[in-house]
Amino acid sequence: MKQKIKCEAVLLFLLVTAMMIPQGHAAEKGHMIGMTKAHNAVRSQTGIEGMAWSDDIADYARKWANHLAMENKCRMKHRPWTGPFAQRYGENLSWASSIRWKTGKTERQVITPDTVVARWENEKKDYNYPDNTCNMGKSCGHYTQVVWKNSTKLGCGMAFCPDNSQIWVCNYDPPGNYVGERPY
């Protein structure tokens, strides 16, 4: 009887411990560790639920980041809506230049998921919630995609460019930013 209670206690401990692991954190790898947490911190400010990490969506995002880094000379460009790279998800892009020294040497900036998401969150100041619009001449679509209440999964990828700049891509399922709909 004591052994059965001990086993049940261990199982309960393991179940509670597993429930305490942040959603998505375990699946994120390398440069992406912390991306779900950074997104969900912004989402929590609006009172909406967090998203979960998807390895499949991350692979999709990573492929586009690699394409942009190698075949598009690291210029930011959203996926097209048709063709072999057709867009299936909502998408945010971020680019970081390299650090250039007077000697001509370049090196990579230290960019983290927190840095990338903070750039998108910075657009919050340009989002007019009562009118559901961006302020005149400003962008806010990256922010509204981060906080799109119907998006439940995300995956992100990053690629280093030949000049040591870097491009970050996050994709969201289901996508957001539908005209006439509020993000939250």
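Computed from a predicted structure; not experimentally measured. (Residues numbered from 1 in each chain as written. Predicted model: local features only at pLDDT ≥ 70, side-chain atom pairs only at ≥ 80, totals over all residues. Heavy atoms only, no water.)

(A) Representation of the state of the cysteines in the model. Evaluation of the coordinates by the stated rule reveals 3 disulfides. The disulfide that involves cysteine 74 links it to cysteine 161, with 1.6 Å between the sulfurs. You can see cysteine 74 sitting in the loop between α3 (55–71) and β2 (90–96) and its partner cysteine 161 sitting in the loop between β7 (153–160) and β8 (166–173), a full 87 residues away along the chain. Each member of the pair cysteine 74 and cysteine 161 is classed as buried. Linked covalently through their sulfurs, cysteine 156 and cysteine 170 form a disulfide whose S-S length is 2.1 Å. (Disulfide = S-S within 2.5 Å. Helix = DSSP H or I, 4+ residues; strand = E, 2+ residues; numbered from the N terminus. Buried < 20%, exposed > 50% of the residue type's maximum accessible area, 1.4 Å probe, protein only.)

(B) Molecular detail of the side chain of asparagine 40. The topology assignment puts asparagine 40 in helix α2 (residues 35–44). Judged by its relative accessible area of 17%, asparagine 40 is buried. Setting aside its immediate chain neighbours within four residues, asparagine 40 contacts Gly50 and Met51. (Contact = heavy atoms within 4.5 Å.)

(C) View of unusual backbone geometry. Going from aspartate 173 to proline 174, the amide bond is cis rather than trans, its omega being -15°. You can see proline 174 is positioned in the segment after β8. Of note in this structure, lysine 73 is not a glycine but carries a positive phi near 55°. Tracing the backbone shows lysine 73 in the loop between α3 and β2. At cysteine 74, a residue that is not glycine, the phi angle is positive and equals roughly 60°. A relative accessible area of 7% means that cysteine 74 is categorised as buried.

(D) Structural detail: the pairing of β8. Most of β8 sits inside the fold, with 7 of its 8 residues counted as buried. With 7 bridges connecting them, β2 and β8 associate as antiparallel partners. For glycine 90, the partnering residue across the bridge sits in β8 and is tyrosine 172. The pairing of β7 with β8 spans 8 bridges and is antiparallel. Across the sheet, phenylalanine 160 pairs through a bridge with glutamine 166, a residue of β8. (Pairing = 2+ DSSP bridges.)

(E) Geometry of the confidence of the model for the protein. Across the protein, the average pLDDT comes to 88, with 86% of residues at or above 70. Predicted confidence for residues 9–26 stays below pLDDT 50, and this span has 6 contacts to residues more than four positions away or in other chains. (pLDDT = per-residue confidence, 0-100.)

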